Amino acid sequence: GNIYRANILYATNKGAVGAGLVVGWTGEVTILENIFDGNKGTSAYGLAQGGGLCVSDQDISGYGRKMIVKNRFLNNRLTRADNWRCGAGILLFKTLATLNANEIVGNTANGSGAGVLAYMSSFRFENNIIAHNVTTGWGGGVDVDRGPQSGTEQLMVNNTITGNRAITYGGGLNVGNGANVIVLNNILWADTAQNGSELSVSGSTANVHYCDIQGGWSGGTGNINVDPQFRDSAYRLANTSGCLQRGIDSVQLDGAWYKAPPYCIYGMPRPSPAGTRTDIDASESDYLVV
């Protein structure tokens, strides 16, 4: 229930990290129902990361999971001397985290991951709205850089990623440098990048299934390429949306089971109606598809 608003962090010869809040080297922590709005980090030296929130453990092993739940990350900004790793909304640095039901909207950076940067981290992203973030680097919405130091979970399930922009690669999502990301039930739509791709994968693996990706995605199961038809500014689906009941409740990949979250960002049980299939989206509608 805290508000972190319009804080300014300026570094002349050191890094500017966590203009809103820094959490690190701790056991399990829950960051719940806060607003991170209009915080700005600037570094003349080069390093500027975590405009709204920086979560850093330096080493996943020995530290607790960070639960980042129902927060709003709005209009946070990072400016740095070069065009490297940023995370204007959220930076996850060598940590273990779950992001659930957050709004990550309108953040800007001249480096990678305007919405979220996950660097050498193990994570589960679920039910998040990641929209209208802009970067001069790669990963307008999300940038996943490298696999985790320990643990293997790099999962994105039932997120809505839309209207983000990257100058280089991955308007919605960029996966690079050895990361291995499972992408299930996500919308990636109306994101733009210089290379024209919603999702960019370089030197990494992205297991993409039951997602709605503008322009389509070769490989995977159940992926579609249809206008999601958002009916309001909360990115809920219209009753004519092709994303209704096109997701998967659970799936086994490489011997491991992955499940959709039991509730959506707005608290609706998933799937709804009961006995049907889940929607592709952060929200869940109760429209009955015949």
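Reading the values: the criteria
- Residues numbered from 1 in each chain as written.
- Predicted model: local features only at pLDDT ≥ 70, side-chain atom pairs only at ≥ 80, totals over all residues.
- Heavy atoms only, no water.
- Helix = DSSP H or I, 4+ residues; strand = E, 2+ residues; numbered from the N terminus.
- Polar contact = N/O pair within 3.5 Å; in protein donor to acceptor, adjacent residues only side chain to side chain.
- Contact = heavy atoms within 4.5 Å.
- Buried < 20%, exposed > 50% of the residue type's maximum accessible area, 1.4 Å probe, protein only.
- Pairing = 2+ DSSP bridges.
- Salt bridge = Lys/Arg side-chain N within 4 Å of Asp/Glu carboxyl O.
- Core = buried A, V, L, I, M, F, W, Y, C linked by side-chain atoms within 4.5 Å.

J.: So what's going on with the side chain of T276? Residues and values would help.
T.: Note that T276 resides in the segment after strand 33 (256-259). Among the polar contacts listed, one links the side chain of T276 to the backbone oxygen of P273, at a separation of 2.5 Å. Leaving out residues up to four positions away in the same chain, T276 has contacts with Q245, D249 and P271.

J.: Describe the environment of R246, with residues and values.
T.: The topology assignment puts R246 in the loop between strand 31 (212-213) and strand 32 (250-253). Residue class for R246 comes out partly exposed when judged on its relative accessible area of 37%. R246 sits 35 residues away from D281 along the chain, and the two C-alpha atoms are 9.7 Å apart. R246 has contacts with Y210, I224, R277, T278, D279 and I280, leaving out every residue within four places of it along the chain.

J.: Mind laying out the environment of G141, listing which residues take part and the relevant values?
T.: Inspection of the secondary structure assignment puts G141 in the loop between strand 20 (134-135) and strand 21 (142-145). Separated by 18 residues in the primary sequence, G141 and F123 have C-alpha atoms spaced 16 Å apart. For G141, the contacting residues outside a window of four places in its chain are G115, V116, I130, N164, G171 and G172.

J.: So what's going on with the pairing of strand 13 (residues 90-93)? Which residues, and what values?
T.: The side-chain alternation of strand 13 yields two buried faces, one formed by I90 and L92 and the other by L91 and F93. Here strand 9 (residues 53-56) pairs with strand 13 via four bridges, running parallel. In the sheet register, C54 faces strand 13, and the bridge partner there is L91. Inspection of the sheet shows strand 13 paired to strand 17 (residues 116-119) by four bridges, in the parallel sense.

J.: Could you give an account of the pattern of salt bridges, with specific residues and numbers?
T.: Taken as a whole and assessed by the stated rule, the structure comprises nine salt bridges. In this structure, R146 engages D145 in a salt bridge whose closest nitrogen and oxygen atoms are separated by 2.7 Å. Given a relative accessible area of 26%, R146 falls into the partly exposed group. Exposure remark for D145: the relative accessible area of 3% places this residue in the buried category. Here the salt bridges share partners, and the residues they tie into one network are R231, D232 and R236.

J.: Outline the environment of L78, supporting the account with residue identities and numerical values.
T.: Looking at where L78 falls in the secondary structure, it is placed in strand 12 (residues 77-80). Sequence-wise, L78 and A19 are 59 residues apart; in three dimensions their C-alpha atoms are separated by 8.8 Å. Excluding residues within four positions of it along the chain, L78 makes contact with G41, A48, Q49, G50, G51, C86, G87, A88, T108, A109 and N110.

J.: Quick rundown of unusual backbone geometry? Include the residues and the values.
T.: Of the consecutive residues R270 and P271, the connecting peptide bond is found in the cis state with omega at 0°. With respect to the helices, strands and loops of the structure, P271 is situated in the segment after strand 33. Of note, the bond from S272 into P273 is cis; its omega dihedral lies within 30 degrees of zero at -5°. Unusually for a residue other than glycine, A6 sits at a positive phi of about 60°. Inspection of the secondary structure assignment puts A6 in the loop between strand 1 (3-5) and strand 2 (8-11). Judged by relative accessible area, which is 52%, A6 ranks as exposed. Within the chain, W25 stands out as a residue other than glycine whose phi angle is a positive 55°. Tracing the chain through its elements places W25 in the loop between strand 4 (21-24) and strand 5 (29-32). Taking relative accessible area as the criterion, W25 reaches 46% and is therefore assigned partly exposed.

J.: Can you lay out the sheet that holds strand 6 (residues 35-37) for me, pointing to particular residues and giving the numbers?
T.: Strand order in the open sheet formed by eight strands is 1-6-11-15-19-23-27-31, with parallel pairing between adjacent strands. Either end of the sheet is taken by a strand with one partner, and the two such strands are strand 1 and strand 31. Direction of pairing for strand 27 (residues 187-189) relative to strand 31: parallel, over a ladder of two bridges. Residue pairing in the sheet places I187 in a bridge with D212 of strand 31.

J.: Hey, could you go over the nonpolar core for me, with residue numbers and the actual values?
T.: Judged by nonpolar contacts, the single largest core of 34 residues is most densely connected at L53, L92, L99, F125 and L173. With residues up to four places along the chain from it excluded, the contact list for L92 reads V55, I68, A97, L99, L117, A118, Y119, S121, F123 and F125. In this structure, V157, I182, I248 and V251 belong to the second largest nonpolar core, which totals nine residues.

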